Amino acid sequence: MELEVKSLTKVFKSRNKTITALKNVSFRLKEGEKLAIVGESGSGKTTLGKILVGLEKPDSGEVLLDGKVIINPKKEIDLESRRNFSMIFQDPYDSLNPTKTVFDIVAFPLRIRKVPDDILREAVYTSLNDVGLSPPDQFLLKYPTQLSGGQRQRVAIARAIVYKPKVLIADEPTTMIDASLKAEVIKTMLDIALKYKMSLITITHDFSIVPIIADKVIVMYKGEIVEEGEAKDIIKNPRHPYTQALIAAVPKLLGEFSLKIKEIEEDGVCPFYSRCPLRIDKCKREEPPLQDIGNRKVKCFLV
Ligand SMILES: Nc1ncnc2c1ncn2[C@@H]1O[C@H](COP(=O)(O)OP(=O)(O)OP(=O)(O)O)[C@@H](O)[C@H]1O
């Protein structure tokens, strides 16, 4: 399996505002690889995940799986292509229907694909065992409100993996759960990815989980990739000033790190200019390209 994301761009327009959520985002992912997409709130991470699972359409660019175009602006993503991806959403309180039992929640993706009952039942049991909700019989008839936060997140994972996607996308999977449960949820996802040879894309603002969850990292700022490379290299030696700031902010909350500076929003200016501690004059006159530097890509003149 090889996933290729090519120049994805997505712009949201409302009455008086245009927001470029993604701008020319490209990357590749192989079978079993683990990628972290890191950036603060609003950097476009969730939009990227939503495009992959078919919840949003790109304005331009395309996504290929094993060389075949499965997503482009003119195409409705079909159920067969969607089967390759699955997304675990940030909030296990919000994403589980409170009126449905665990069985119905986990079975749902198979029901819409009209999977026969006996296969469906077997798949739900396997999924619940895989996420550590075992024995499954103890959980099947429970409602989300009867479960703890960690258990709810496990149900969300069970639902996401029930049809064995090739790429599992986890959007801030540990944000809403207790710190003490973070490691367990992460371990569950890693075990599952390994067992089924799934590729894992973790969307996060939290650099502290990157060494555990990823071999590759993409750092996004305002919808653009500003740095991309091997996780261990980037953590040891971040090259883009934004990546440096994100890593320096661990384990502080990124909210504390955000500087309240009026941002310059002009074309032809580095998007990180207003916040960059290392900016030079050129950064205000010219937007740096995403340059290849060894096995790294960095969108900065200073590297
Ligand atoms: N449906 C939408 N309509 C209008 N604007 C949107 C929509 N979805 C996202 N945006 C905007 O696009 C930008 C990127 O949002 P996105 O949710 O992808 O970022 P993010 O990095 O995942 O942030 P967060 O962690 O807060 O979810 C934001 O400015 C957001 O307000």
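In the block above lies the structure referred to throughout.
Now for a description of the structure that goes with this document. (Residues numbered from 1 in each chain as written. Predicted model: local features only at pLDDT ≥ 70, side-chain atom pairs only at ≥ 80, totals over all residues. Heavy atoms only, no water.)

With respect to topology, 4 strands assemble into an open sheet ordered E2-E1-E4-E5, the strand pairing being antiparallel. Two strands in the sheet have a free side with no partner beyond their single neighbour: strand E2 (18–30) and strand E5 (68–71). When strand polarity is set aside, the average angle formed by the axes of neighbouring strands in this sheet is 30°. Sheet analysis places strand E1 (residues 2–13) next to strand E4 (residues 60–65), joined by 5 bridges and oriented antiparallel. When the sheet's bridge partners are listed, Leu 3 is paired in E4 with Leu 65. (Pairing = 2+ DSSP bridges. Helix = DSSP H or I, 4+ residues; strand = E, 2+ residues; numbered from the N terminus. Axes fitted to C-alpha atoms, helices over the stretch in contact; angles between N-to-C directions.)

Looking now at the site of the ligand. In the vicinity of the ligand, the residues found are Phe 12, Ile 19, Ala 21, Glu 40, Ser 41, Gly 42, Ser 43, Gly 44, Lys 45, Thr 46 and Thr 47. In this structure, Ser 43 approaches the ligand through a main-chain N or O atom, which is 2.9 Å from an oxygen atom. Take Gly 44: an N or O atom from its main chain is 3.0 Å from an oxygen atom of the ligand. Taken by itself the ligand offers 630 Å² of open surface, and the protein chains cover 62% of this. Contributions of two or more residues to the shell around the ligand are made by E2 and helix H1 (45–52). The biggest single contributor to the shell around the ligand is H1, with 3 residues. (Near = heavy atom within 4 Å. Polar contact = N/O pair within 3.5 Å; in protein donor to acceptor, adjacent residues only side chain to side chain. Areas by Shrake-Rupley, 256 points an atom, 1.4 Å probe, with all protein chains shown as cover.)

Turning our attention to the side chain of Thr 9. For Thr 9, the location among the structural elements is in strand E1. A relative accessible area of 14% means that Thr 9 is categorised as buried. Dropping the residues within four chain positions of it, Thr 9 is found in contact with Leu 22, Lys 23, Asn 24, Pro 58, Asp 59 and Ser 60. (Buried < 20%, exposed > 50% of the residue type's maximum accessible area, 1.4 Å probe, protein only. Contact = heavy atoms within 4.5 Å.)

All right, on to the pairing of strand E3 (residues 34–38) then. Among the 5 residues in E3, 5 count as buried, and that is most of the element. Side-chain alternation along E3 places Lys 34, Ala 36 and Val 38 on one buried face and Leu 35 and Ile 37 on a second face that is also buried. Bridge analysis of E3 against strand E8 (residues 199–204) gives 5 bridges, and the strand direction is parallel. Within E8, the position partnered with Lys 34 by the bridge is Leu 200. Two strands pair when backbone bridges link them, and E3 and strand E9 (residues 216–221) are joined in this way by 4 bridges, in the parallel orientation. Bridged to Ala 36 within E9 is Val 217.

Now for the packing of aromatic side chains. Inspection of every chain in the model, using the stated rule, returns 3 aromatic pairs. Between Tyr 221 and Phe 272, the aromatic rings sit 4.9 Å apart at their centres with planes inclined by 85°, giving edge-to-face as the arrangement. Pair noted here: Tyr 221 is in strand E9 and Phe 272 is in the loop between helix H10 (254–257) and helix H11 (282–285), with a separation of 51 residues, a long-range link. When sorted by exposure, Tyr 221 lands in the same class as Phe 272, which is buried. Each member of the aromatic cluster is reached from another via a ring pair, and the members are Tyr 221, Tyr 242 and Phe 272. A cation over a ring is seen here: Lys 164 above Tyr 196, with NZ or CZ 4.7 Å from the ring centre. (Phe/Tyr/Trp six-rings, centres within 6.5 Å; stacked < 30°, edge-to-face > 60°. Lys NZ or Arg CZ within 6 Å of the ring centre and 35° of its normal.)

Another aspect to go through is H1. When you tally the buried positions in H1, you get 6 out of 8 residues, the bulk of the element. Those residues of H1 lying buried are Lys 45, Thr 47, Leu 48, Gly 49, Ile 51 and Leu 52. Remark: Gly 54 follows H1 within two positions and exhibits a positive phi of approximately 85°.

Glancing now at the packing of helix H3 (residues 102–111) against helix H5 (residues 149–161). For any two helices packed against each other, the geometry comes down to the angle between their axes and how far apart the axes lie. Their axes nearest at 7 Å, the elements H3 and H5 cross at an angle of 30°. Comparing their axes, H5 and H3 come out roughly parallel. Note on packing geometry: the crossing formed by H3 with H5 is right-handed. Of H5, the residues touching H3 (which contributes Val 102, Ile 105, Val 106 and Pro 109) are Val 155, Ala 158 and Arg 159. Of the residues that constitute the contact of H3 with H5, the class distribution is 6 nonpolar, no polar and 1 charged. (Parallel < 35°, antiparallel > 145°, perpendicular 65-115°, else oblique. Left-handed = near helix turned anticlockwise from the far one by under 90°. Nonpolar A, V, L, I, M, F, W, Y, C, P; charged D, E, K, R; others polar.)

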